[in-house]
Amino acid sequence: HYSFFPGRPRWPSNRRTLSRWSTVTQLNFTQSESYRTADIRIAFASGDHGDGEPFDGVLGTLAHAFSPPSGFFHLDNDENWVIEGVTNPLTTMSAVDLESVAVHEIGHLLGLGHSSVEESIMFPTISSGTRKVELASDDIEGIQTLY
Ligand code: TQI
Ligand code: ZN
């Protein structure tokens, strides 16, 4: 029978963020062979990266995604991105949870603007050091109204 290492460490699933949105809609996401022809193109970038919306170093703008049918989703490479709460002690003060930001930006990619409901993923602020990855009923209503 199989066993795990203590604490059950594992690689994070890179599809988890997209599946949060696909489980509440008819949308399907598959990984494309080619970045150039993909509908959704995700990249890390620093400073001025050619789309007229330059990044600004640590904190400030963390990421941006454009409304449909753009499909561009850029993450600021200068942030101290954190996955599953694992932070570098030297950068904890400015740590940003990658999954929380990604779920929010995918919402923008799919066509959701900001929400006035504080619990929602699409609320325009998040307290620093916070992890917010579960869709709220407001997010689900929004995306189901659109798709
Ligand atoms: N990026 C902003 C955002 O995604 C970009 C933005 C500003 C924007 N105004 C907009 C996008 C109007 C669409 C419409 O909201 S951000 C958060 C949150 C950012 C902010 O880097 O400031 C998250 C990215 F909600 F926490 F403030 C992700 Cl989760
Ligand atoms: Zn936003």
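Quantities reported herein were computed from a predicted structural model and do not represent experimental measurements. (Residues numbered from 1 in each chain as written. Chains lettered and ligands numbered in written order. Predicted model: local features only at pLDDT ≥ 70, side-chain atom pairs only at ≥ 80, totals over all residues. Heavy atoms only, no water.)

I'd like a description of the site of ligand 1, backed by residues and values.
As a structural note, the neighbourhood of ligand 1 is formed by T61, L62, A63, V101, H104, E105, H108, H114, F123, P124, T125 and I126. Within the backbone of L62, an N or O atom sits 2.6 Å from an oxygen atom of ligand 1. Compared with its free state, where it exposes 570 Å², ligand 1 has 68% of that area covered by protein. Most atoms of ligand 1, that is more than half of them, are within 2 Å of grid points of the second largest pocket. Ranked by the residues each element gives to the shell around ligand 1, the list is headed by helix α2 (residues 98-110), at four residues. Looking at the shell around ligand 1 residue by residue, the class counts come to six nonpolar, five polar and one charged. (Near = heavy atom within 4 Å. Polar contact = N/O pair within 3.5 Å; in protein donor to acceptor, adjacent residues only side chain to side chain. Areas by Shrake-Rupley, 256 points an atom, 1.4 Å probe, with all protein chains shown as cover. 1 Å grid on protein atoms, 1.4 Å probe; cavity = no way out; pocket = protein on both sides within 12 Å on 5 of 7 lines; lining within 4 Å. Sits in = over half its atoms within 2 Å of the grid points. Helix = DSSP H or I, 4+ residues; strand = E, 2+ residues; numbered from the N terminus. Nonpolar A, V, L, I, M, F, W, Y, C, P; charged D, E, K, R; others polar.)

Describe the pattern of salt bridges, listing the residues and the values that go with them.
Tallied over the entire structure, the rule returns six salt bridges. Among the salt bridges present, the one from R16 reaches E84, with a minimum N-O distance of 3.3 Å. Highlighted residues: R16 in helix α1 (residues 16-22) and E84 in the loop between β4 (80-82) and β5 (95-97), separated in sequence by 68 residues. With a relative accessible area of 37%, E84 lands in the partly exposed category. Two residues, E99 and R16, come together in a salt bridge whose shortest N-O distance is 2.6 Å. Within this pair, whereas E99 is found in helix α2, its partner R16 is found in helix α1, the two being separated by 83 residues in sequence. The pair E99 / R16 is uniform in exposure class, with both members buried. The network of salt bridges with shared partners includes R16, R20, E84, D97, E99, R131 and E134. (Salt bridge = Lys/Arg side-chain N within 4 Å of Asp/Glu carboxyl O. Buried < 20%, exposed > 50% of the residue type's maximum accessible area, 1.4 Å probe, protein only.)

Report on the coordination of the zinc ion (ligand 2), specifying residues and quantitative values.
Around the zinc ion (ligand 2), the donor atoms from the protein are H104 (NE2), H108 (NE2) and H114 (NE2), and they sit 2.0 Å away. One chain supplies every donor to the zinc ion (ligand 2), and in sequence these donors are spaced H-x3-H-x5-H. In this pair, H104 is assigned in helix α2 and H114 in the loop between α2 and α3 (137-146), connecting sequence segments 10 residues apart. H104 gets classed as buried once you look at its relative accessible area, which sits at 12%. (Donors = N, O, S within 2.8 Å, 3.2 Å for Na, K, Ca; no water.)

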